[in-house]
Amino acid sequence: MLKIFSLILLVSAAPAAAGEIADAGQAAEKLAAEGKFDETFQAIETAREKLWDQSPLIFRKTLFVASDPSGFGIFDMRETNVFKRSEPLIIYTEPFGFAYGRDGQMFVIDMALDFEIRDAAGASIAAQENFGSWTLRSRVANKEFMGKLNYDFSGLEPGDYEVTTTVRDKNSDKLASFGMKFKLLP
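Residues numbered from 1 in each chain as written. Predicted model: local features only at pLDDT ≥ 70, side-chain atom pairs only at ≥ 80, totals over all residues. Heavy atoms only, no water.

## Some remarks on the pairing of strand 8 (residues 159–169)
- With 9 bridges connecting them, strand 5 (residues 106–119) and strand 8 associate as antiparallel partners. Bridging across to strand 8, Ala112 finds its partner in Arg168.
- As paired strands, strand 8 and strand 9 (residues 175–185) are joined by 10 bridges and run antiparallel to one another. If you follow Arg168 over to strand 9, its bridge partner there is Leu175.
- Here strand 8 folds back onto strand 9 in antiparallel fashion, the turn holding 5 residues. (Pairing = 2+ DSSP bridges. Helix = DSSP H or I, 4+ residues; strand = E, 2+ residues; numbered from the N terminus.)

The following block contains the structure:
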């Protein structure tokens, strides 16, 4: 619990996050001191929601995994970024700061995906817009959302590459990219 309060207090010290977030953090601290833990968690959630809305789209975790992840935080680590040409590149990522659309009572997470691949010299050798999407419909505004990518670059020659994935939030004007370097073996 102290870690959460410390995080809220550290964040609330930043000029861009001052005001409502700091107020919610102070309210949470007061409620916890009074032993009102249900209300404390609600105050913390209010601060988190305000911070989430102010945040750009970011990726807190982006890594190659050994197999398809089965959920948020549920994945098998891949120890290397070296692949046989016949292997798919599976990427797990945790986007944060995205917005929500609404469809009746449902919250909708909806993101479009683009990619570009560059060779070791930095030359662009392939790109595609709207090659995929991440979508989730839920009765709650899920924050624990993971994105999975399966890239098949079996048509490329062996060598060193970087794939950059751009994620466009369809519910806002937020967008962000992340790059992953990898090596293809014959």
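Following the structure, the description resumes.
## Here we look at the packing of helix 2 (residues 20–33) against helix 3 (residues 37–54)
- Here helix 2 crosses helix 3 at 165°, and the two axes come no closer than 8 Å. The angle between helix 2 and helix 3 places the two elements in the roughly antiparallel class. Helix 3 is crossed by helix 2, and the crossing has left-handed handedness. Contact residues: helix 2 offers Glu20, Ile21, Ala24, Ala27, Ala28, Leu31 and Ala32, while helix 3 offers Phe37, Glu39, Thr40, Ala43, Ile44, Thr46, Ala47, Lys50, Leu51 and Gln54.
- Grouping the constituent residues of the contact of helix 2 with helix 3 by class yields 11 nonpolar, 3 polar and 3 charged. (Axes fitted to C-alpha atoms, helices over the stretch in contact; angles between N-to-C directions. Parallel < 35°, antiparallel > 145°, perpendicular 65-115°, else oblique. Left-handed = near helix turned anticlockwise from the far one by under 90°. Contact = heavy atoms within 4.5 Å. Nonpolar A, V, L, I, M, F, W, Y, C, P; charged D, E, K, R; others polar.)

## Here we look at helix 2
- The end-to-end C-alpha distance of helix 2 is 20 Å, a good match for the 20 Å that 14 residues give at a rise of 1.5 Å each.
- Buried within helix 2 we find Ile21, Ala22, Ala24, Gly25, Ala28, Leu31 and Ala32.
- Note on helix 2: the residue one or two positions beyond its end, Gly35, has a positive phi of about 80°. (Expected span 1.5 Å × (residues − 1). Buried < 20%, exposed > 50% of the residue type's maximum accessible area, 1.4 Å probe, protein only.)

## Focus: the packing of aromatic side chains
- According to the stated counting rule, one finds 15 aromatic pairs in the structure shown.
- Judged by centre distance (5.6 Å) and plane angle (70°), the ring pair of Phe98 and Phe145 falls under edge-to-face. Of the two residues, Phe98 sits in the loop between strand 3 (89–96) and strand 4 (101–103) while Phe145 sits in the loop between strand 6 (124–138) and strand 7 (147–151), which places them 47 residues apart along the sequence.
- Under the relative-accessibility criterion, Phe98 is labelled buried at 1%.
- These aromatic residues form a ring-pair network of at least three members: Trp52, Phe96, Phe98, Tyr100, Phe107 and Phe145.
- It is Arg102 that lies over the ring of Phe107; its NZ or CZ is 3.9 Å from the centre. (Phe/Tyr/Trp six-rings, centres within 6.5 Å; stacked < 30°, edge-to-face > 60°. Lys NZ or Arg CZ within 6 Å of the ring centre and 35° of its normal.)

Limitation: the analysis is restricted to geometry and does not speak to function.
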